[in-house]
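# Structure assessment
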Amino acid sequence: MAEENFFERVYVIARQIPFGKVTSYGAIAKALGTARSARMVGWAMNACHNMDDVPAHRVVNQKGLLTGKHHFDGTNLMQQLLESEGIVVENNQIIDFEKHFWQPEIEL
């Protein structure tokens, strides 16, 4: 299935996001050469929460909002995971987003 292949390509990039860094759905889509598929990247991230090797908590929206937090067990698990990596989150948004942003298109 094409969707499964796309999801796996998303996971290959997500697995490379460094500790203490975040990226966005759109940045992953752009790195895959499918810049308009940010929503599909979101679906891939939603589908991987039983995969311990994919750091889904490091993928946020383009403004640094924790839009995927509802897909994690517990109310604030996504925020707690980010904070354990030294990322400050207030009102579901990453503070100093640019400082923590990892650009897969450039880094890979």
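Up top you'll find the structure we're talking about.
Per chain, residue numbering runs from 1 following the sequence as it is written. Reporting in this predicted model follows two pLDDT cut-offs: at least 70 for local features of residues, and 80 or more for side-chain atom pairs to be given and counted; totals over whole chains, interfaces and linings ignore these cut-offs and use all residues. Values shown for side chains rest on all heavy atoms present in the structure; no hydrogens or waters enter the calculation.

## A short note on the pattern of salt bridges
This is how it is decided: Here a salt bridge means any side-chain nitrogen of Lys or Arg lying within 4 Å of a carboxyl oxygen belonging to Asp or Glu.
The final tally for this structure, using the stated rule, is 4 salt bridges. Residue Arg15 is joined to Glu8 by a salt bridge in which the shortest nitrogen-to-oxygen separation is 3.0 Å. Connected via shared salt-bridge partners are Glu8, Arg15 and Asp53.

## Regarding the side chain of Thr23
Filter applied, for reference: Working definition: helices are DSSP H or I runs of at least four residues, strands are E runs of at least two. Numbering for both runs from the N terminus. The cut-offs for exposure are 20% and 50% of the maximum accessible area for each residue type, with area from a 1.4 Å probe on protein chains only; residues under the lower value are buried, those over the upper are exposed, and the others partly exposed. Under this definition, polar contacts are N or O atom pairs within 3.5 Å; protein pairs additionally need one hydrogen-donor-capable and one acceptor-capable atom, and for neighbouring residues in sequence, both atoms have to be side-chain atoms. Should any heavy atoms of two residues lie within 4.5 Å, those residues are counted as being in contact.
Take Thr23: it is sitting in strand 1 (residues 23-24). Classification of Thr23 as buried rests on a relative accessible area of 0%. At 2.7 Å, the side chain of Thr23 forms a polar contact with the backbone oxygen of Trp102. The residues contacting Thr23, other than those within four sequence positions of it, are Ile17, Ile28, Arg58, Val59, Val60, Phe101, Trp102 and Pro104.

## Remarks on the nonpolar core
How we decide: The term nonpolar core refers to a set of buried residues drawn from Ala, Val, Leu, Ile, Met, Phe, Trp, Tyr and Cys, joined through side-chain atoms within 4.5 Å.
Membership of the largest hydrophobic core comes to 29 residues, with the highest contact counts inside it found for Val10, Val41, Met45, Leu82 and Ile94. Among the elements of the structure, helix 1 (2-14), helix 2 (25-31), helix 3 (38-46), strand 2 (59-60) and helix 4 (77-83) are those that each provide at least two residues to this core. It is helix 1 that contributes the most residues to this core, 6 residues altogether. Once residues within four sequence positions are removed from consideration, Met45 is found in contact with Val10, Tyr11, Ala14, Tyr25, Val54, Ala56 and Val59.

## With respect to the layout of surface pockets
Selection criterion: Grid points spaced at 1 Å and placed over the protein atoms alone form the basis of the search, with a cavity being a set where a 1.4 Å probe fits but cannot get out and a pocket an open set showing protein on both sides within 12 Å along at least five of seven lines. Lining residues have an atom within 4 Å of a point. Grid points are joined across faces, edges and corners, and a volume is the space filled by probe spheres set on the points. Residues are sorted three ways: Asp, Glu, Lys and Arg are charged, Ala, Val, Leu, Ile, Met, Phe, Trp, Tyr, Cys and Pro are nonpolar, and all the rest, Gly among them, are polar.
The computed volume of the largest pocket comes to approximately 260 Å³. In this structure, the largest pocket is lined by Ser24, Tyr25, Gly26, Ala38, Arg39, Gly42, Asn46, Asn61, Gln62, Thr67, Gly68 and His71. Of all the secondary-structure elements, those providing two or more residues to the lining of the largest pocket are helix 2 and helix 3. Counted by class, the lining of the largest pocket contains 2 nonpolar, 9 polar and 1 charged residues. Here the second largest pocket is characterised by a volume of approximately 170 Å³.

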